[in-house]
Amino acid sequence: MTQLVAFDSDDARQDIAGEKSEAVLSLPSARIPLTPKEESQLWLKVDLRLMPIIALMYLLCFLDRGNAKLDGLMTQLKLDGNQYNIALVSLRVAQEDHLEYQLACSILCSFVMLRMLMGFVKNYPQLAGVRFCLGIAESGYYAGITYYLTMWYPKYMLQRRFAIFLGAATSAGAFSGILAYGINFMNGDGGYQGWSWIFILEGIATVVVGCVALLIMVDYPSTAKFLTPNEQQYIIQRRGQHLFPLQFSEVDEEGDLAAQVRAAITDWQVWAMCIVQLSITVPLYGITYFLPFGYSTSASQLLSAPPYVFGVIVLLVVAYFSDKTQLRSPFIFATQTIAILGFIINITNAPYGVKYFGTYLCVAGPYTGGAGSIIWLANNLEGKCKRAIGMAIVICMGNLGGAVASNIFRSQDAPRYILGLGIEIMFLVMGMIAVPIIALTYRRLNARKDTLERRAEVDGGDILNAKKRSFRYTL
């Protein structure tokens, strides 16, 4: 599989070849006839081929986050002050600067080796250094898969699939607690503490899954050998506008790559969505890294699972209705409201049981809202290249949320973490202000396009302008 946010020479040649194949198949032609049953069977065929391995790999990316701290990492490495927070930041900083690594190499080679090396570190400098390299290794996966899904699924079937992908990370919060609880019984085996075994065993699992992924993943519908030619053409047409209205616009900007990069960087949508994404990722990473229950280590490991299970359910339900109604902003706003209620509960001096209920809301809100904001941007960026660059920028900015969240939960603020929770509430409020403004702007732009299209019916126009006029922003 090719990560399409990369633009080095080898990647460019492979991407151009794939896009040319799709261009041939997507030329205006007779619509491929499929009955509703045949279409459902086709999408199920694609889902079963792509989604399980994509979700499983992303689950492994998140599986080790948070639990090692509870299983003795802080004590054995003699971490004090904000050293653990700095180690977390090193992962996020590395992810900001290295989006060009190939997915297969990242997962199968670098990521696996570095994940296992995490289990053998002996001091703070080693921890920070290996964590930084681990961030480089896994940096391209999220951005690459997010764009990859837009190359396979229509505009209003996308969030459900993205929810499955993102739900793997949410599920990791549940599985990691349960696995860490079991692995902790290996504490002392082979001279390693429980936190070391977490990294070692989960690294071995990643080796197996990475090898399987290299055999299963395919680049484009046009190159997928598990599809018939008619199925390939139907999927490509289903995503396009000329035969199916209200789908992705594939009219790329004129000019060279530099011009297309400038077009993405100067698009207001990209930076507006950066604000929304940052308002979601700061609470998201904060609740992932720090779950202050006030219970023992073993109890905290087990209690971390149910909120993430609840989060997956909410994520999938919201994604279904968002696709069905063809709306994004109302659901993003609703999930931000859910999250802010959870953080308000946790910032109060309520009993631990009440705070634990609030944790369910803290998990469900940001994870669900994060899926909606990325897909909202993907739906509204015109052109393959611009969409790839714009989504990469927003995801990079979103990773800054991890850097912020890693440093606002200071050890001296335990156990209530008033500063950290207050900052997360501030970011959520910022997002709740931005979302309605963006949605109203899209509404005005759609009204302007309606006016232009009515005029074009009288004046006429070329095909390219007709395609651009037919595109409508998703609200």
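So, how was this worked out
- Residues numbered from 1 in each chain as written.
- Predicted model: local features only at pLDDT ≥ 70, side-chain atom pairs only at ≥ 80, totals over all residues.
- Heavy atoms only, no water.
- Helix = DSSP H or I, 4+ residues; strand = E, 2+ residues; numbered from the N terminus.
- Expected span 1.5 Å × (residues − 1).
- Buried < 20%, exposed > 50% of the residue type's maximum accessible area, 1.4 Å probe, protein only.
- Salt bridge = Lys/Arg side-chain N within 4 Å of Asp/Glu carboxyl O.
- Arc of directions from axis to C-beta.
- pLDDT = per-residue confidence, 0-100.
- Contact = heavy atoms within 4.5 Å.
- Axes fitted to C-alpha atoms, helices over the stretch in contact; angles between N-to-C directions.
- Parallel < 35°, antiparallel > 145°, perpendicular 65-115°, else oblique.
- Left-handed = near helix turned anticlockwise from the far one by under 90°.
- Nonpolar A, V, L, I, M, F, W, Y, C, P; charged D, E, K, R; others polar.

S.K.: Lay out helix α16 (residues 384-408) with the relevant residues and their values.
M.R.: Given a rise of 1.5 Å per residue, 25 residues ought to cover 36 Å, and the 37 Å separating the end C-alpha atoms of α16 matches this to within 8%. Taking burial as the measure, the 25 residues of α16 include 21 buried ones, the bulk of the element.

S.K.: Talk me through the pattern of salt bridges; I want residue IDs and the actual numbers.
M.R.: Inspection of the entire model under this criterion finds seven salt bridges. Linking E231 and K45 is a salt bridge whose minimum nitrogen-to-oxygen distance equals 3.1 Å. Placement of the pair is E231 in helix α9 (residues 229-239) and K45 in helix α2 (residues 36-62), with a sequence separation of 186 residues. Across the pair D450 and R472 runs a salt bridge, and its minimum N-O distance is 2.9 Å. With a gap of 22 residues between them, D450 in helix α17 (residues 418-459) and R472 in the segment after α18 (463-470) connect regions that are remote in the sequence. For D450, a relative accessible area of 31% puts it in the partly exposed group.

S.K.: How would you explain helix α14 (residues 329-347) if you had to name every residue and give the values?
M.R.: Spanning 19 residues, α14 covers 27 Å between terminal C-alpha atoms, matching the ideal 27 Å at 1.5 Å per step. If you check which residues of α14 are buried, you get S329, I332, T335, Q336, A339, I340, G342, F343 and N346. Buried residues of α14 fall within an arc of 160° about the axis and therefore sit on the same side.

S.K.: Explain the confidence of the model for the chain to me, and be specific about the residues and the numbers.
M.R.: Counting all residues, the mean pLDDT for the chain is 75, and 63% of those residues have values of 70 or more. Contacts from residues 1-17, a stretch scored under 50 in pLDDT, to residues over four places away or in other chains number 38 contacts. Ignoring residues within four places in sequence, the model shows residues 23-28, a span with pLDDT below 50, making nine contacts including any to other chains.

S.K.: Give a detailed account of the packing of α14 against helix α15 (residues 352-380), specifying residues and quantitative values.
M.R.: Two elements in contact, α14 and α15, have axes whose closest approach is 7 Å; the angle formed by their N-to-C orientations is 155°. What the angle tells us is that α14 and α15 run roughly antiparallel. Remark: the crossing between α14 and α15 carries left-handed chirality. Classifying every residue of the contact of α14 with α15 gives twelve nonpolar, eleven polar and one charged.

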